[in-house]
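# Structural overview for review
For reference, the chains in residue letters:
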Amino acid sequence: MIEPIRVVRGRAHVAEEDMAPWIRGFARLGFASRGVVYLLMGWIALQAALGPTQTEDSSGALRSLLDEPFGRILVGVIAVGLACYTLWRAYAATVNPENDETGTRLHNVGVAIVHAVLTVTAAGLALSGGRGGDGSSDEEAASWAARVMELPVGRWLVAAAGAAIVGYGLYQLYRAATADLDDMLDLSELSATHREWVRRVSRFGIGARGVVFVVIGIFAAKAAVEYDASEARGFAGALESLQQQPYGPWLLGIVAAGLVSYGVYALVRARYRVVRTS
């Protein structure tokens, strides 16, 4: 005998409620792990602005932890957290508990894919202790650009990708200036002064991250225009290019401080983000 539809739906809702604590836990651990990665990248970039240290991307930042006591364990924990963040983004894209529009859901899919790759990288570092897999994001970006350029319209595809990345970076700058963070964060238990500081740090971090993406997109477009895949840059290369500009150490220092701020913002989201599960 077929059960009434409302009974089936009721049972599905109960199952979702049973899973809710796990889903929220995945999201919060994921935000925290992501925050640690950005704190590391920002800290390394600050050191580069002050001295001879090289800038690093996310995998390089994780690799830097391996020399610390219990480094492999730390990287392994971060890998678990990044896997949780991947699962949360995939859940948000498929179940759509926050009633997002199609564009936001597609963005969640893209973020899930990117963090799935980073999860594999972090897990590989934890298991191998950093042996092998030294390819930088710059080398990966150049390699992908070269492969795409081999296609009949590859040059245009790389140019379009560059334009899309620039557009995303500009959107992050717009979001830094206009986003109502109270829609995402429940800061009611903080004082008015602390809430204002959280907003300022968060906006600064979002804007700095936007600047880096704009630079990455410009280099992708440059690779297409000059038909030279080696011009493509990843996160570390974008930061290094800022350092090579007039007043470069100051410029890099400001962006690096912004990346640290973005890491703080991710940690704030781990604690105060409203995570809807249904």
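Residues numbered from 1 in each chain as written. Predicted model: local features only at pLDDT ≥ 70, side-chain atom pairs only at ≥ 80, totals over all residues. Heavy atoms only, no water.

The next point concerns the packing of helix H3 (residues 71-94) against helix H4 (residues 102-128). Packing of H3 against H4 leaves a shortest axis separation of 8 Å and a crossing angle of 160°. Between H3 and H4, the angle falls in the class roughly antiparallel. At the point where H3 passes H4, the crossing takes the left-handed sense. For the contact of H3 with H4, a count of residues per class yields 18 nonpolar, eight polar and three charged. (Axes fitted to C-alpha atoms, helices over the stretch in contact; angles between N-to-C directions. Helix = DSSP H or I, 4+ residues; strand = E, 2+ residues; numbered from the N terminus. Parallel < 35°, antiparallel > 145°, perpendicular 65-115°, else oblique. Left-handed = near helix turned anticlockwise from the far one by under 90°. Nonpolar A, V, L, I, M, F, W, Y, C, P; charged D, E, K, R; others polar.)

Right, let's talk about the pattern of salt bridges for a bit. One pass over the full model with this rule turns up five salt bridges. The salt bridge involving Arg199 is made with Glu196; its shortest N-O contact spans 3.7 Å. Linking Arg199 with Glu196, this pair stays in helix H7 (residues 192-225), spanning three residues, or about one helical turn. For Arg199, a relative accessible area of 18% gives the class buried. (Salt bridge = Lys/Arg side-chain N within 4 Å of Asp/Glu carboxyl O. Buried < 20%, exposed > 50% of the residue type's maximum accessible area, 1.4 Å probe, protein only.)

Let us look at the side chain of His115. Among the structural elements, His115 can be located in helix H4. A relative accessible area of 8% places His115 in the buried class. Those residues within four positions of His115 in sequence are excluded, and the remaining contacts are Arg34, Leu82, Tyr85 and Thr86. (Contact = heavy atoms within 4.5 Å.)

Once that is clear, we can look at H4. With 27 residues, H4 should reach 39 Å at 1.5 Å per residue; the first-to-last C-alpha distance of 39 Å fits that figure. Taken together, the buried positions of H4 are occupied by Asn108, Val111, Ala112, His115, Leu118, Thr119, Ala122, Leu125, Ala126 and Ser128. (Expected span 1.5 Å × (residues − 1).)

Bringing the packing of aromatic side chains into the picture now. What the rule picks out here adds up to seven aromatic pairs. With centroids separated by 5.4 Å and ring planes inclined at 65°, the aromatic side chains of Phe31 and Tyr85 adopt a geometry described as edge-to-face. Of this pair, Phe31 sits in helix H1 (residues 5-50) while Tyr85 is found in helix H3, placing the two residues 54 residues apart along the sequence. Note on accessibility: Phe31 and Tyr85 belong to one class, buried. Taking the centre distance of 5.2 Å and the plane angle of 85° together, the rings of Tyr168 and Phe213 count as edge-to-face. Placement of the pair is Tyr168 in helix H6 (residues 154-178) and Phe213 in helix H7, with a sequence separation of 45 residues. Judged by relative accessible area, which is 22%, Tyr168 ranks as partly exposed. Phe213 gets classed as buried once you look at its relative accessible area, which sits at 18%. (Phe/Tyr/Trp six-rings, centres within 6.5 Å; stacked < 30°, edge-to-face > 60°.)

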